[in-house]
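Residue-level structure breakdown
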Amino acid sequence: TGSTADPYKTIDFALGMIYPTESNPITIHLMAGRYSPETGENFPINMMSNINIEGEDEETTILDAMQTSKVITMDDCDNNTISGITITGGLAEGDYPDNSGGGMYVKDSNPTLTNVTITGNTATWGGGMYVHSSNPALTHVTISGNTADY
């Protein structure tokens with residue numbers, strides 16, 4: 001039901017069950033743990049406007065795409081906050097834009113990231129984060145240990 005007693009099992013499922021609006025933004029609260037293909041998570045996580053993702057903390061709440069895809073994609077999103085998570089295991093390959101932003105692909109979006117670590121991601125362009133026509137606000141964000149050709 002998406003309640004504390006009966007939480008949704010994946011972020012992807014939660015995104016399909018909610019209807020955020022500008023006047024009613026929705027926060028997806030993540031329990032500590034690793035969210036990966038092994039636990040049933042689908043990647044990339046395609047963000048929509050007016051959705052926030054809040055983990056317990058970046059040490060214990062990990063989004064790991066396990067080199068299957070990008071981790072998070074934001075294209076033309078408004079009013080988003082991401083906090084308290086680690087973004088890792090992203091792989092962006094192929095032709096543009098598929099080869100950009102292994103950890104996060106941010107286009108025409110202005111998210112706020114707080115207490116986020118982006119590490120261990122790979123892409124042709126922007127291993128950790130690819131930002132195009134966007135202005136993300138980053139506070140206590142570590143982007144390191146990612147690999148990219150450009």
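Anything mentioned here points back to the structure above.
Remember, it's a predicted structure, so these values are computed and weren't measured experimentally. (Residues numbered from 1 in each chain as written. Predicted model: local features only at pLDDT ≥ 70, side-chain atom pairs only at ≥ 80, totals over all residues. Heavy atoms only, no water.)

1. Some details on the environment of Ser 109
Relative to the helices and strands, Ser 109 resides in the loop between β9 (104-107) and β10 (112-118). Sequence separation between Ser 109 and Asn 135 is 26 residues; the distance between their C-alpha atoms is 7.0 Å. There is a polar contact of 3.2 Å between the side chain of Ser 109 and the backbone nitrogen of Asp 76. There is a polar contact of 2.9 Å between the side chain of Ser 109 and the backbone oxygen of Lys 107. (Helix = DSSP H or I, 4+ residues; strand = E, 2+ residues; numbered from the N terminus. Polar contact = N/O pair within 3.5 Å; in protein donor to acceptor, adjacent residues only side chain to side chain.)

2. Digging into the sheet that holds strand β12 (residues 129-132)
Backbone-to-backbone hydrogen bonds join strands into a sheet, with any given pair of strands oriented parallel or antiparallel. Reading across from one edge, β3-β6-β9-β12 is the order of the four strands in this open sheet, with parallel pairing throughout. At either end of the open sheet lies a strand with only one pairing partner, and these are β3 (45-46) and β12. By the bridge criterion, two bridges tie β3 to strand β6 (residues 72-75) in an arrangement that is parallel. Opposite Ile 45, over in β6, you have Ile 72 as the bridge partner. (Pairing = 2+ DSSP bridges.)

3. Details of the packing of aromatic side chains
Summed over all chains, the structure comprises four aromatic pairs. With a centroid separation of 4.3 Å and an interplanar angle of 20 degrees, the aromatic rings of Trp 125 and Tyr 150 are classed as stacked. Of the two residues, Trp 125 is situated in the loop between β11 (122-123) and β12 and Tyr 150 in the segment after β14 (147-148); the sequence distance between them amounts to 25 residues. An aromatic cluster is defined as three or more aromatic residues linked by ring pairs; in this entry it consists of Tyr 96, Tyr 105 and Tyr 130. The ring of Tyr 105 carries the charged tip of Lys 70 above its face, separated from the ring centre by 4.1 Å. (Phe/Tyr/Trp six-rings, centres within 6.5 Å; stacked < 30°, edge-to-face > 60°. Lys NZ or Arg CZ within 6 Å of the ring centre and 35° of its normal.)

Take it as geometry only, folks, not as evidence of what the structure does.
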